[in-house]
Amino acid sequence: MTVPVIQLQQVGKQYEMAGETFHALSDVSLDIHANEYVAIIGPSGSGKSTLLNILGCLDTADSGSYLLSGNAVASMAENQLATLRNQQVGFIFQSFNLLPRHSVLQNVMQPLVYRLMSAAERERRALAALQRVGLFEKKHHLPNQLSGGQRQRVAIARALVTEPAILLGDEPTGNLDSKTTADIMQLFDELHRQGHTIILVTHEQEIADHCQRVLRMVDGRLVADQRKQSHAGVLESAEQSMLQHTNNLASATRLLV
Amino acid sequence: MHFLHALIEGSRAAFLSIRAHGLRSFLTTLGIIIGVASVITVVAIMNGLSSNIRGQLDDLGSDMVTIRAYTTPDQELLGFRNKLSDSDFRLLQSKLGQVEQISRMMPAFSLGLSVSYGRSSTQTQLLGADSAYQNVVRIYPQQGRFLTAQDDLKRRRVAFIGHSLIQKLQLPANPVGHYISLSGDWFRIIGVAEKRGSLFGFDQDNYIITPFSTATAINGPDNLQVEISYRPKPGADAAQIERQVRSLLRAKAGLSASEPDHFELVSSEKTKAQFDKVLDSVTWVAAGVVGISLLVGGIGVMNIMLVSVTERTKEIGIVKALGATPQFILLQFLVEAIVLSLFGGLIGLILGYGFAALMSLLMPGMPDALVPLWAVVLAIGFTSVIGIVFGLAPAIKASRLNPIDALRFE
Ligand SMILES: Nc1ncnc2c1ncn2[C@@H]1O[C@H](COP(=O)(O)OP(=O)(O)OP(=O)(O)O)[C@@H](O)[C@H]1O
Ligand SMILES: [Mg+2]
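Let me begin by describing the structure that accompanies this report. (Residues numbered from 1 in each chain as written. Chains lettered and ligands numbered in written order. Predicted model: local features only at pLDDT ≥ 70, side-chain atom pairs only at ≥ 80, totals over all residues. Heavy atoms only, no water.)

## As for helix H3 (residues 104-113) of chain A
Rules: Burial status follows relative accessibility: with a 1.4 Å probe on protein chains alone, a residue under 20% of its type maximum counts as buried, one over 50% as exposed, and anything between as partly exposed. Strands are runs of DSSP state E lasting at least 2 residues, helices are runs of H or I lasting at least 4, and numbering of each runs from the N terminus. Pairs of residues are marked as contacts when any of their non-hydrogen atoms sit within 4.5 Å.
Across the 10 residues of H3(A), 9 count as buried, placing the element largely inside the fold. On its buried face, H3(A) sits against helix H2 (78-87), helix H4 (119-132) and helix H5 (148-160) of chain A together with helix H1 (3-20), helix H11 (309-321) and helix H12 (326-362) of chain B.

## Quick notes on the packing of helix H4 (residues 86-95) of chain B against helix H9 (residues 238-253) of chain B
All names here are of chain B. The criterion, for reference: The convention used is that axes are lines fitted to C-alpha atoms, helices contributing only their stretch in contact, and that angles between N-to-C directions extend from 0 to 180 degrees. Roughly parallel covers angles under 35 degrees, roughly antiparallel covers those over 145, roughly perpendicular covers 65 to 115, and oblique covers all other angles. Crossing chirality is assigned from the near helix's rotation relative to the far helix, an anticlockwise turn below a right angle marking it left-handed and a clockwise turn marking it right-handed.
One way to put it is that H4 packs onto H9 with a least axis distance of 10 Å and a crossing angle of 135°. Classified by the angle between their axes, H4 and H9 sit oblique to one another. Where H4 crosses over H9, the handedness of that crossing is right-handed. Touching Ser-87, Asp-88, Leu-91, Leu-92 and Lys-95 of H4 are Gln-244, Val-245, Leu-248, Leu-249 and Lys-252, all from H9.

## A few points about the site of ligand 1
Stated formally: Only a single heavy atom is needed: when it lies within 4 Å of a molecule or strand, its residue is near that molecule or strand. In protein, a polar contact requires one atom able to donate a hydrogen and another able to accept it; more generally it is a pair of N or O atoms within 3.5 Å, and residues adjacent in sequence count only if both atoms are side-chain atoms. Each accessible area is a Shrake-Rupley result for a 1.4 Å probe, and residues are judged covered by the shown protein chains and nothing else. Under the scheme applied here, ten amino acids are nonpolar (Ala, Val, Leu, Ile, Met, Phe, Trp, Tyr, Cys and Pro), four are charged (Asp, Glu, Lys and Arg), and all others, including Gly, are polar.
Close to ligand 1 lie 15 residues, the nearest being A:Ser44, A:Gly45, A:Lys48, A:Ser49 and A:Thr50. Per-site note: the chains with residues close to ligand 1 are chains A and B. One of the side-chain nitrogen or oxygen atoms of A:Ser49 is found 2.6 Å away from an oxygen atom of ligand 1. Between ligand 1 and A:Thr50, the relevant distance is 2.5 Å, taken from an oxygen atom to a side-chain nitrogen or oxygen of the residue. Computed on the free molecule, ligand 1 has an accessible area of 640 Å², of which 70% lies beneath the protein chains in the complex. Among the elements of the structure, strand E1 (6-17), strand E2 (20-32) and helix H1 (48-55) of chain A are those that each provide at least two residues to the shell around ligand 1. Per element, the largest residue contribution to the shell around ligand 1 is 3 residues, and it comes from H1(A). Here the residues of the shell around ligand 1 are counted per class, giving 5 nonpolar, 7 polar and 3 charged.

## With respect to the pairing of E1(A)
All names here are of chain A. Defined as follows: Following DSSP output, two strands are said to pair if at least two bridges run between them.
Here 5 bridges tie E1 to strand E4 (residues 63-68), and the two strands are oriented antiparallel to one another. For Ile-6, the partnering residue across the bridge sits in E4 and is Leu-68. Pairing of E1 with E2, which is carried by 9 bridges, proceeds in the antiparallel orientation. Pairing of Leu-8 across the sheet is with Leu-30, part of E2. Counting the residues in the hairpin turn of E1 and E2 gives 2 residues, including Ala-18, whose phi is positive at 50°.

Shown next, in the form of structure tokens:
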């Protein structure tokens, strides 16, 4: 078996509030492998975003260890963290977080600015990413000239353009209506089929239904980790039970006869 | 990441940001422009004024001394008014040995009078003087001649006029021989003086000089108020001459030792010293104006920078989440601040020069706008430092935050 992309060991995060320590995360241990499609669910305030921010290196854990693609994040200097964010992580926010005065194309090119890469190559890759999310035509628009769904597609293109090891989404459809949500989820499904590792925080069961694995959090703890069988697996077992039934039926008939 | 790459990309990002935040960039630049332009203008005008005035004072020569009546405030309260008379002049003329030239002058119609030629008329000032006056005061004819002893002796109604009167009265280019009317009396123009320009904005070429005896006749014998001017011989002891003047005049007036002088001695040295004092205080005022404009510009820049902290912190959070290093962010902000400061400084400089040049065009006698290097360095340096400090400080802070904290910044 390959090394997991994400390995968390007893990760904790606390906040000091008015002299009291509040445990936003306690003792979270978890492995996520390449090409997994994971949902993190749980009540509001249960620590989902806190966990996802740590996974995306936007925030750091106070205790425990976190290995991202085998690298220990805790011991990293600021510049190494920046490189990690740039190369390993594609983060998609609920509120998009696009640069408001930069065009769609400039937004998507932005992560590549921090790499040694010619401007032409940057543009080529950004256009390819925009093509993937179906927004090639809008490349010269400003974010505020787009619908919410379109903005989120831009954000997804920006996350994709660096070919990251993991795609993280914190309620990526939280600001979108149900039709647009369906479109975006279709996009995630497709990205998953293409081999991406995707982790989504969500409130909605329908979104969790898209995923193969559902992590449930309560009060900063991981309380459930359910793996669904793949569609193929479900089919297989259905087939097998059918066969079983047929066999049973056959033997029963034989007995009767 | 390589430094060169960071520099290129950081500058590119900076220019993009300057363009993207057009209004903010403009307002920042405006603050710098105001600061720099006003400093340059004020300094240029100050410089021009003082060099202009100094030059004119130098023209007067440093050794001329003028003696005029002086009434102390106490005497004035008692209704006294001290006078110097023609006999005082004669006394000094005959007794002062070390004097090269001595002359007397008397203002006539001291409140000013109107002079006319054809249909034009204007206000001017009439002086009575003797023929030596031109050598003491050093006004020389550009056309015609100065007054002679003969004019004085014969009490001729002749006029030696200042240069501006040609234009004011629409006299012919060479007005010598033409007649002008002074309060109904006709005076023949015998000469026109060389131009002197203006001092403190006063036209110094608007006057008429007529023979002393003529002016005496006009004023009447009761209204004589003589001003005596002299130049010491080269190498003579000026202070010694002054002492002699003092004792001669006091003795003639019969003043006791406790009484104050009824006259004063004014030398252009003293005038220069006084002027320097005035100039000093004007310089302080100008420095104040400069300081205030720099402050206004600086506060403007500061405000714009601080107002945009929230926006910029959020922006920094975004680019940090995308993998920007703190160094890259700082480089971008530094380039942005420097570009805006220099651009604003340059425009301010051009505007400042423009204003100063305009002023020197509008104000007669002002020399060309001259701005010393220190003023340029001070103005641009100060505003740039403000721009860079207040542009960079929030960026330094934000670039150290966790991306998530920068994104949450309110
Ligand atoms: N910067 C902070 N300072 C103090 N407390 C914080 C901070 N960030 C998060 N918390 C606390 O940590 C807990 C977990 O927050 P988190 O944002 O992870 O919840 P969540 O599961 O994402 O909730 P939601 O579904 O509402 O987004 C909350 O109780 C929150 O108040
Ligand atoms: Mg959340």
